[in-house]
Amino acid sequence: GPVYRGLSRVRQQLLGAYMRMAHGQGVSPKKVVFSSFKGASCSDSPLAIAQALHALRPDADVVFQLKKDAPAPDWIRRAEPGSPAWLREAATARVIVDNFNRPFFQRKFPDQKYIQTWHGDRGFKKVLWDMDPHGGFPDGEDMDLAVAGSDFCESMYRTAFRYSGEVLKVGLPRNDCLLHPLGETQARRACGLPETGKIALYAPTFRDSARGGAFRPDFDLAWAAQALCQATGEDWKIVSRAHDQNTSVAGAVIDKTDFPEMSLLMQASDLLITDYSSCAGDFPLLMRPVILFHASGRFERDLYFDVEASPFPIAHDPDQLRVLFGQLDRAPENCRAILDFFGTHETGRSAEAVARRIAQWL
């Protein structure tokens, strides 16, 4: 109600004032702060960029907004998400790198640079200004560089962030590894997955209605593993990974929701089944089959394009899914069509390109 909104405004004003006070001490010229999924993990494009920067400039002071129990390389410093320590680090950094929109009070100061990588280069769901024309999202005004892997993502920055500055269209840093993938055994070991048989990765996006709890699949996972075996004559296991807004996938035999690096799970998998997750636009870089499954005709949020008119193979019920399991050999041709649909520009050297830009600012 009005009281909550009033208290929230006061809190934001106080936190903003604290950051201005901290910034009064000046910026640390070699400090770069990173945040991935609001501090939930040391992962995604921020980690890929941090690794490239550490190799290029070992003298850079790398700080992640990161919860205490999250694994991370030993060369990074960490600060608890949203804590005064994190706000102080962010207020005194030379460069800020984020894959999410930031709290409204966390503005960039004139002597800082802010790079946005976003966490879904080829996303289906409308976000920020595109989702809510009255949202007042400030990130676009603050950004100095946006990183994209497709024409589609560049367009998203223009409308969803209302950003008019430079877009570095060399790929999404987290996707570099998909163009230079690990061998199957190595990837599976890194993920703690079985090394024999085939793996189908089930990775749905979240629903606003199921936020914070277990995600309930629209089809029976055990049935899907059996149907895949029947369609291909090979042994299949289903590995599930829920969106970071969910705790798990209900009924999953192998649940990897807590595994931080989606790109490693994709490298370890032979097939991706999802619904409206942006990973459906990344997985085709591996030239392996991807299938969209959604039982209901309409998603609860507005989408950027008509999925039914896209090149994605789509199933609405188990019978249609079984048919698509028999067509996995069409993957290379289908993957090329999907990448073309988004106007994909992935070089496999994106993290390095962003790290070089950061190094120029230090």
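Conventions used here
- Residues numbered from 1 in each chain as written.
- Predicted model: local features only at pLDDT ≥ 70, side-chain atom pairs only at ≥ 80, totals over all residues.
- Heavy atoms only, no water.
- Salt bridge = Lys/Arg side-chain N within 4 Å of Asp/Glu carboxyl O.
- Helix = DSSP H or I, 4+ residues; strand = E, 2+ residues; numbered from the N terminus.
- Buried < 20%, exposed > 50% of the residue type's maximum accessible area, 1.4 Å probe, protein only.
- Expected span 1.5 Å × (residues − 1).
- Arc of directions from axis to C-beta.
- Polar contact = N/O pair within 3.5 Å; in protein donor to acceptor, adjacent residues only side chain to side chain.
- Pairing = 2+ DSSP bridges.
- Contact = heavy atoms within 4.5 Å.
- Axes fitted to C-alpha atoms, helices over the stretch in contact; angles between N-to-C directions.
- Parallel < 35°, antiparallel > 145°, perpendicular 65-115°, else oblique.
- Left-handed = near helix turned anticlockwise from the far one by under 90°.
- Nonpolar A, V, L, I, M, F, W, Y, C, P; charged D, E, K, R; others polar.
- Phe/Tyr/Trp six-rings, centres within 6.5 Å; stacked < 30°, edge-to-face > 60°.
- Lys NZ or Arg CZ within 6 Å of the ring centre and 35° of its normal.

Trainee: Would you mind going over the pattern of salt bridges in detail, with residue names and values included?
Mentor: As enumerated under the stated definition, the model contains 27 salt bridges in all. Asp 142 is paired through a salt bridge with Arg 102; the nearest N and O atoms lie 3.1 Å apart. A residue pair is termed long-range when its members are at least 10 positions apart, and Asp 142 in helix H5 (residues 139-142) and Arg 102 in the loop between strand S4 (93-98) and strand S5 (113-116) qualify at 40 residues. A salt bridge links Arg 122 to Glu 346, with the nearest nitrogen and oxygen atoms 3.1 Å apart. Highlighted residues: Arg 122 in the loop between S5 and helix H4 (128-131) and Glu 346 in the loop between helix H13 (331-342) and helix H14 (350-361), separated in sequence by 224 residues. An identical accessibility class is assigned to Arg 122 and Glu 346; each is buried. Among the ionic contacts, a cluster of salt bridges with common partners joins Asp 44, Asp 121, Arg 122, Arg 174, Asp 282 and Glu 346.

Trainee: A description of helix H9 (residues 221-232) should follow, citing residues and the corresponding values.
Mentor: Each turn of an α-helix holds 3.6 residues, which means side chains three or four residues apart point in the same direction. Helix length check: H9, at 12 residues, gives a terminal C-alpha distance of 17 Å against a target of 16 Å (1.5 Å per residue), a fit within 8%. Leu 221, Ala 224, Ala 225, Ala 227 and Leu 228 are the residues of H9 that are buried. Buried positions in H9, seen along its axis, are confined to an arc of 165° and lie on one side of it. Away from its buried face, by an angle of more than 90 degrees, H9 presents the exposed residues Ala 222 and Gln 230. With a side-chain oxygen lying 3.2 Å from the backbone nitrogen of Ala 222, the N-terminal cap of H9 falls on Asp 220. Of the residues flanking the end of H9, it is Gly 233, one or two places downstream, whose phi is positive at about 75°.

Trainee: Help me get a handle on the sheet that holds strand S15 (residues 314-315), residues and values and all.
Mentor: As summarised here, the arrangement of the 6 strands in space is S12-S10-S8-S13-S14-S15, forming an open sheet in which the pairing is parallel. The open sheet has two free edges, formed respectively by strand S12 (254-255) and S15, since each of these has just one partner strand. In this structure, strand S13 (residues 271-274) lies alongside strand S14 (residues 290-293), joined through 3 bridges in parallel fashion. Looking at S14, one finds that Leu 272 is bridged to Val 290. Sheet contacts for H9: strand S8 (198-202), strand S10 (236-240) and S13; angle to S10, the most-contacted strand, approximately 145°.

Trainee: Please provide a residue-by-residue account of the packing of helix H2 (residues 44-56) against H14, values included.
Mentor: Orientation of H2 relative to H14, taken along the N-to-C sense of each, is 60°, at an axis distance of 8 Å. Taken together, H2 and H14 sit at an angle that is classed as oblique. Helix-helix and strand crossings are classified by hand; for H2 and H14 the assignment is right-handed. Residue-level contacts link Ala 48, Ile 49, Ala 52, Leu 53 and Leu 56 of H2 to Ala 351, Glu 352, Val 354, Ala 355, Arg 356, Ile 358 and Ala 359 of H14. Of the residues assigned to the contact of H2 with H14, the class counts are 10 nonpolar, no polar and 2 charged.

Trainee: Give me the lowdown on the side chain of Arg 102, citing residues and values where you can.
Mentor: Judged by its relative accessible area of 3%, Arg 102 falls in the buried class. Beyond its immediate stretch of four places on either side in the chain, Arg 102 contacts Ile 96, Arg 107, Lys 108, Tyr 114, Asp 139 and Asp 142.

Trainee: Describe the packing of aromatic side chains, and please don't skip the residues or the numbers.
Mentor: Counted under the stated rule, the structure contains 19 aromatic pairs. Pairing Phe 34 with Phe 64 gives two aromatic rings, centres 5.2 Å apart and planes at 10°, and the pair type is stacked. In this pair, Phe 34 sits in strand S1 (residues 28-35) while Phe 64 sits in strand S2 (residues 61-65), placing the two residues 30 residues apart along the sequence. Accessibility expressed as a relative area gives 0% for Phe 64, which makes it buried. Between Phe 305 and Phe 342 the ring centres are 5.7 Å apart and the planes differ by 80°, which places this aromatic pair in the edge-to-face class. Here Phe 305, found in the loop between S14 and S15, pairs with Phe 342, found in helix H13; they are 37 residues apart in sequence, far enough to count as distant. For the pair Phe 305 and Phe 342, a shared accessibility class is recorded, and that class is buried. In this structure an aromatic cluster arises from ring pairing among Phe 124, Phe 152, Tyr 276, Tyr 304, Phe 305, Phe 312, Phe 341 and Phe 342. Across the ring face of Tyr 114, the terminal group of Arg 102 is positioned such that the distance to the ring centre comes to 4.0 Å. Above the ring of Trp 129, the side-chain terminus of Arg 162 is found at 3.7 Å from the ring centroid.

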